[in-house]
Amino acid sequence: MSTLKYLLQKEFRQIFRNPTILRMILIVPVVQLIILPLAADFEIKNINISIVDNDRSVVAHDLIEEIKSSGYFKLVNYTHDYQVAFSDIESDETDIVLEIPDGLESDLIREQKGSLFIAVNAINGTKAYVGGAYLTRIITGFNQDIRAELNPGNNGASIGVAVINWFNPLLNYQFFMVPGILVVLVTMVAGYMTALNIVKEKEVGTIEQINVTPIRKTHFILGKLIPFWVLGVFVFTLGMFVVARIIYGIVPLGSVFLLYGYLALYLVAILGVGLLISTYSNTQQQAMSLSFFMMMIFILMSGLFTSIESMPRWAQWIAALNPVTYFVQVMRMIVMKGSEFEHITRHFVIMAGFAFVFNVWAIINYKKTS
Amino acid sequence: MWDIFLQSINKSYTESGEKAVNDVSLHVEEGKLFGLIGPDGAGKTTLFRILTTLILADSGTASVGGYDVVKDYKVIRKSIGYMPGRFSLYQDLTVKENLRFFATLFNTTIQDNYGLIEDIYKQIEPFNDRKAGKLSGGMKQKLALCCALIHSPKVLFLDEPTTGVDAVSRKEFWGMLKNLKSKGITIMVSTPYMDEASLCEEIALIQEGNIMSVNTPDEIIAQYPDMLYAIKSPGMNQLLQELRKSELVATANSFGEYHHITFSKQGSMELLLKSLHRSDVEMKPIRPTIEDCFIHLMTHE
């Protein structure tokens, strides 16, 4: 036991002497948590729209005003020629073209119906989809107003829909992203730094000097993992209770104790991944490349930025084998929904499985290679 | 009995079976200062790594102090000191921290073993709080030796301890080894410098994984079969070419100031001097050095 104590003492001493590591755990999480959620905002604003107005009536004018005042659209061109508007799409100056046909107003009055034409530049799929949807919604609202105006007292039968957003009433994107990004940061600190630290001993040759001493391998490994476990908890605390609370006003709805319980288990699994990477690399450069590859997959396939349900079946399998997926889910569940242990029991069991598999695999491989 | 024993050790790192160490058998008696002499890539480090239980041999058996390197590696690790060829202490820890760290790994303290390391440690003690990475080459070497000695090992393995160290520190270092030997520690040291061979009690000449000869330095020199001459004249490069072309000369090798030559037939000295057509040639019979023996053994394999 005293050997482990000295190993830990040595490890912490080295960590606190390394300015890069200190910067990694203090500055990087804060800066990333401040910048990333702002950049990863999916709310789409400033959709460029060109309007081809062949009608030039009061109704058309009202509709255009409605669109402009929604705040989502920026009118880049108002024209009477569809070809001009289409060339805007071609030159990428506009995202959506709305064509108002000649006689919209008179058709509405005479025949009680009119039609509009929307052309969307779908190169940026999300923007096209969201923009098209926004525009449709505005037109639907506008449609109802017109009907009320034209046929007062006879609204016809219609079903009204009222929507309530649970857990994030204002659809604040940051409430959703910040806990997820925090998971990524903890993963990077624990995974990367463990792998690099162990491989550094190999690269510098100090591991040889350690290996000729009677020290037990388990002690050596524990001496490596425990400090980074502590650092992981530290970074999480800093992110959750300083940055997220002060800057974004996020206060976990659920039990903090449960959150830390899951973090503790999650870190064991991720440290196992770091250890595993270190057994497959001999230089820090190799470890870096390998971790980068793993992290990219872990992060992009974790459901952090995109919904897992809309991924193809094979990608859903990868996401299911990705520990980050579960922690992102648990974070959102506990922080936003206030979920209890009984809601995330499955997540606990799966993470325990990951922790076991990664660590056993790493230890077997570690013994084989040295 | 803290002796070292190697029996038919083979080791290859590649699939194709190119051998780093080929059928090596050696015996180092307890308390000896034993030198493993050979150029880079001869297999010295491989032998050290097998004996220090860092790697496993492909075949053959090895033991240190009667303990098998495979079965009893735990006992061996407790009783040997190893100083790898590359400085491998923690560069970001100070001198004292390194020393204390390695002491604790062996469940001991600096104070308990102060007697053994005192002479060496005294020289680096003024730099106790300096980081190991900031020490000079000679200082690093002394610190590494201290760390290897901190648990009073019975056998000391030093892999090229004097490579990259200045001449004065090298001399000093061999003095320290003599001192340690007098305390009863078996020492196995490797070096690519042939001139250091004579400082060992017994040496093994190793080349491309094969042991060519094992004996005392004097005995190895005595076994040199030919009369050896040193020859010197202005225009040494050209002289070497002429010597190598001459039928009278069997071998000619450059050794700094002189060329060392042997004759294909005894008593051809005068004939050679005449055939060289040079005015100021200096030639004298000399005692072979270990390097001469090494070259001889290498070319007669």
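How each quantity is defined
- Residues numbered from 1 in each chain as written.
- Chains lettered and ligands numbered in written order.
- Predicted model: local features only at pLDDT ≥ 70, side-chain atom pairs only at ≥ 80, totals over all residues.
- Heavy atoms only, no water.
- Patch = residues over 30% accessible without salt bridge, like charges linked within 9 Å, V, L, I, M, F, W, Y side chains within 5 Å.
- Areas by Shrake-Rupley, 256 points an atom, 1.4 Å probe, with all protein chains shown as cover.
- Salt bridge = Lys/Arg side-chain N within 4 Å of Asp/Glu carboxyl O.
- Lys, Arg positive; Asp, Glu negative; His and termini not counted.
- Charge placed at Lys NZ, Arg CZ, Asp CG, Glu CD.
- Helix = DSSP H or I, 4+ residues; strand = E, 2+ residues; numbered from the N terminus.
- Buried < 20%, exposed > 50% of the residue type's maximum accessible area, 1.4 Å probe, protein only.
- Contact = heavy atoms within 4.5 Å.
- Buried area = accessible area lost by both parts, 1.4 Å probe.
- Polar contact = N/O pair within 3.5 Å; in protein donor to acceptor, adjacent residues only side chain to side chain.
- Nonpolar A, V, L, I, M, F, W, Y, C, P; charged D, E, K, R; others polar.
- Pairing = 2+ DSSP bridges.
- Phe/Tyr/Trp six-rings, centres within 6.5 Å; stacked < 30°, edge-to-face > 60°.

A. Seen up close, a negative patch on the surface. All names here are of chain A. A cluster of acidic side chains, namely Asp62, Glu66, Asp145 and Glu149, defines a negative patch on the protein surface. Elements that contribute at least two residues to the negative patch include exactly α3 (58-69) and α6 (125-150). With a relative accessible area of 34%, Glu66 lands in the partly exposed category.

B. The arrangement of the interface of chain B and chain A in detail. Facing 23 residues of chain B, the contacting portion of chain A comprises 23 residues. With both sides pooled, the region where chain B packs onto chain A buries about 2,300 Å², and carbon together with sulfur makes up 58% of that total. In this assembly, chain B and chain A are joined by three salt bridges. At the surface where chain B touches chain A, the tally comes to 12 residue pairs in polar contact (both at pLDDT 80 or more). Within the residue set of the side of chain B that touches chain A, elements represented by two or more residues are α2 (73-79) and α3 (95-105) of chain B. In terms of residue count, α3(B) provides more of the side of chain B that touches chain A than any other element does, five residues in total. Of the residues contributing to the side of chain B that touches chain A, the split by class is 11 nonpolar, five polar and seven charged.

C. Structural detail: the pairing of strand β4 (residues 59-64) of chain B. Residue and element names in this part refer to chain B. Alignment of strand β1 (residues 4-12) against β4, held across five bridges, turns out to be antiparallel. Within β4, the position partnered with Gln7 by the bridge is Thr61. Two elements, β4 and strand β5 (residues 67-68), share two bridges in a ladder whose sense is antiparallel. Considered in β5, the bridge of Ser63 is made with Asp68.

D. Spotlight on unusual backbone geometry. Despite not being glycine, Arg56(A) shows a phi value in the positive range, around 55°. Mapped onto the elements, Arg56(A) comes out in the loop between β1 (47-53) and α3. Even without being a glycine, Thr53(B) presents a positive backbone phi close to 65°. Relative to the helices and strands, Thr53(B) is located in the loop between α1 (44-51) and β4. With a relative accessible area of 9%, Thr53(B) lands in the buried category.

E. Quick look at the packing of aromatic side chains. Within this structure, the stated rule accounts for 20 aromatic pairs over all chains. Both rings, one in Phe12(A) and one in Phe16(A), keep their centres 6.1 Å apart while their planes meet at 15°; by these two values the pair is stacked. Placement of the pair is Phe12(A) and Phe16(A) together in helix α1 (residues 2-17), with a separation of four residues, close to one helical turn. Of the residues examined, Phe12(A) reaches a relative accessible area of 21% and is grouped as partly exposed. Measuring from ring centre to ring centre gives 6.5 Å for Tyr90(B) and Phe102(B), while their planes differ by 25°; the resulting arrangement is stacked. On the criterion of sequence distance, the pair formed by Tyr90(B) in the loop between β6 (80-83) and α3 and Phe102(B) in helix α3 is long-range, its members being 12 residues apart. On the basis of relative accessible area, Tyr90(B) is assigned to the buried category, the value being 3%.

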